[in-house]
Amino acid sequence: MKLPGIPAIPASEITPRELFYQRRHFMQLALGGSAALLAGAAVGGEKLASSLSEAYGLTDKLTPLEDVSQYNNFYEFDTSKEGPAKMAGRLKTRPWTVSVEGEVRKPKQFAIEDLLKLAPMQERIYRLRCVEAWSMVIPWLGYPLAELLKQVEPTSDARFVEFVSLHDPEQLPGQRRAVLEWPYREGLRIDEAMHPLALLTFGLYGEVLPNQNGAPIRIVVPWKYGFKSAKSIVKIRLLKQQPMTSWMQAGPSEYGFYANVNPEVDHPRWSQAKERRLGEFLKRPTLPFNGYAEQVAGLYAGMDLTKNF
Ligand SMILES: Nc1nc2c(c(=O)[nH]1)N[C@H]1C(S)=C(S)[C@@H](COP(=O)(O)O)O[C@H]1N2
Ligand SMILES: [Mo]
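Cut-offs applied
- Residues numbered from 1 in each chain as written.
- Chains lettered and ligands numbered in written order.
- Predicted model: local features only at pLDDT ≥ 70, side-chain atom pairs only at ≥ 80, totals over all residues.
- Heavy atoms only, no water.
- Helix = DSSP H or I, 4+ residues; strand = E, 2+ residues; numbered from the N terminus.
- Buried < 20%, exposed > 50% of the residue type's maximum accessible area, 1.4 Å probe, protein only.
- Contact = heavy atoms within 4.5 Å.
- Areas by Shrake-Rupley, 256 points an atom, 1.4 Å probe, with all protein chains shown as cover.
- UniProt positions renumbered as here; feature names shortened; annotations may be inferred.
- Polar contact = N/O pair within 3.5 Å; in protein donor to acceptor, adjacent residues only side chain to side chain.
- Near = heavy atom within 4 Å.
- Pairing = 2+ DSSP bridges.
- Axes fitted to C-alpha atoms, helices over the stretch in contact; angles between N-to-C directions.
- Phe/Tyr/Trp six-rings, centres within 6.5 Å; stacked < 30°, edge-to-face > 60°.
- Lys NZ or Arg CZ within 6 Å of the ring centre and 35° of its normal.
- Salt bridge = Lys/Arg side-chain N within 4 Å of Asp/Glu carboxyl O.

Caption draft 1: Inspection of the overall build of the protein at higher detail. Helix and strand content of the protein: 8 helices and 14 strands. The buried share among the 309 residues of the protein stands at 55%. If you take every contact in the protein between residues at least 6 apart in sequence, the share linking residues at least 24 apart comes to 71%. Here the protein has roughly 13600 Å² of accessible surface; of this, 54% comes from carbon and sulfur atoms.

Caption draft 2: Representation of the UniProt feature "binding site: Mo-molybdopterin" (unreviewed entry) in the protein. Sites flagged by UniProt as "binding site: Mo-molybdopterin" (unreviewed entry) map to Asn72, Tyr75, Glu76, Cys130, Ser165, Asn213, Arg218, Ser229, Ala230 and Lys231. Topologically, asparagine 72 is positioned in the loop between α2 (65-70) and α3 (83-87). Apart from the residues lying within four places of it in its own chain, the contact partners of asparagine 72 are Ser80, Lys81, Pro84, Ala85, Gln212, Asn213 and Lys231. From its side chain, asparagine 72 meets the backbone oxygen of valine 68 in a polar contact 3.1 Å long. Position of asparagine 213 relative to the elements: it lies in the loop between β10 (207-208) and β11 (218-220). The class for asparagine 213 is buried, based on a relative accessible area of 3%.

Caption draft 3: Spotlight on the site of ligand 1. Lining the immediate surroundings of ligand 1 are 16 residues, of which Asn72, Tyr75, Glu76, Arg218 and Lys231 lie closest. The contact in question runs from a nitrogen atom of ligand 1 to an N or O atom on the side chain of serine 165, over 3.1 Å. Here serine 229 contributes a backbone N or O atom positioned 2.8 Å from a nitrogen atom of ligand 1. If ligand 1 stood free it would expose 530 Å²; the protein chains cover 99% of that surface.

Caption draft 4: Spatial organisation of the sheet that holds strand β4 (residues 108-111). Here we have 5 strands laid out as an open sheet, ordered β4-β3-β12-β7-β8, and mixed in their pairing. One side of each edge strand has no neighbouring strand; the edge strands of this open sheet are β4 and β8 (185-189). Within the sheet, the average angular offset between the axes of one strand and its neighbour, ignoring direction, is 20 degrees. Inspection of the sheet shows strand β7 (residues 160-165) paired to strand β12 (residues 233-239) by 6 bridges, in the antiparallel sense. By the bridge assignment, phenylalanine 163 is partnered in β12 with isoleucine 236.

Caption draft 5: Representation of the packing of aromatic side chains in the model. The full count for this structure, using the stated rule, is 13 aromatic pairs. Ring geometry for tyrosine 143 and phenylalanine 202: centres 5.4 Å apart, planes at 40 degrees, overall tilted. Here the residue tyrosine 143 occupies a position in strand β6 (residues 134-144), and phenylalanine 202 occupies one in strand β9 (residues 199-204), the gap between them amounting to 59 residues. No difference in accessibility class separates tyrosine 143 from phenylalanine 202, as the two residues are buried. In this structure an aromatic cluster arises from ring pairing among Phe160, Phe257, Tyr258, Phe289 and Tyr300. Directly above the ring of tyrosine 292 sits arginine 127, whose terminal nitrogen or CZ lies 5.8 Å from the centroid. Here lysine 228 stacks its cationic end above the ring of phenylalanine 257, 4.3 Å away from the centre of that ring.

Caption draft 6: Local environment of the pairing of β9. Counted residue by residue, β9 has 6 buried out of 6 residues, so it is predominantly covered. Pairing geometry for β6 and β9, over 5 bridges, is antiparallel. Across the sheet, tyrosine 143 pairs through a bridge with leucine 200, a residue of β9. As defined by bridge partners, β9 adjoins β11 across 3 bridges and the pair is classed as antiparallel. Within β11, the position partnered with threonine 201 by the bridge is arginine 218. Bridge count between β9 and β10: 2 bridges; the pairing is antiparallel. Bridge pairing in β10 links glycine 203 to valine 208. Taken together, β9 and the strand that follows it, β10, pair antiparallel across an intervening segment of 2 residues, in which tyrosine 205 is found at a positive phi of about 45 degrees.

Caption draft 7: View of the pattern of salt bridges. Taken as a whole, this structure holds 15 salt bridges when the rule is applied. Between glutamate 132 and lysine 81 there is a salt bridge, with the nearest N and O atoms lying 2.7 Å from each other. Pair noted here: glutamate 132 is in the loop between β5 (121-129) and β6 and lysine 81 is in the loop between α2 and α3, with a separation of 51 residues, a long-range link. Look at lysine 81 and you get buried, because its relative accessible area is 12%.

Quick look at the structure:
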């Protein structure tokens, strides 16, 4: 069976890239992480070295790069899954700056070149689960978002973090339609943003992010539905109050602020109990917190997760 628009890839034709990554990953696990295997990612002609972070590795089969880069949600380009890959060529990812501001002692504009060097680049294999019940397993390249936030010294009033994506209808034609309130805005509580799993992300499969996956910089928050992982970010604001997000504005009963992956809380229009891995036929059960409960459930101790969905 194939998902709409996705060519079915027979197992015999899995590209060498996925096999290479899979083998390298198992090798790393077998070595107990003692050998730092390096991956090179070309960034504007510059080579980026990253070490595989076995602590965040998964033994799940990786989702082929074709699926990861051809089946996307990126409404600034198009609301279809195939549109972003076709249209993302017009996004200019240099020059690019990210402004980090708000409740911080040292607000700063970071050039993308400096962000790439701010902390050691790690490769982390994370699941990402879309609210529309498909999921993927991707080797991401990045470092903890906390590394960036620490640089600006958040004040004790910084209780939330807002992420703002690029607003430029010239490059992002989907913004000419009011499907969402532009720019795309998302948010996290400060303790979620500082959690070591929250990744400031620059690449996948050893290379810089394809534009349709959020180049040149996005976040990946693997225990939450995919819409929390804002793409092509230009601003990060630390705030006293919980920010309004584009999806909450569009459908408050469908998209909560927390959006933790939760098989027991259905989306009002469909069940969240199961998911389909891109490229696979059989559905599999969705895991609480997308399988990251051990690491993150403590952040929500005492909270009613059916009310705070
Ligand atoms: N700026 C922006 N970020 C976004 C989106 C978007 O439309 N615009 N879509 C979100 C949704 S719904 C998902 S599932 C993921 C998809 O990421 P991927 O295309 O890399 O798989 O990106 C998220 N980040
Ligand atoms: Mo999504």
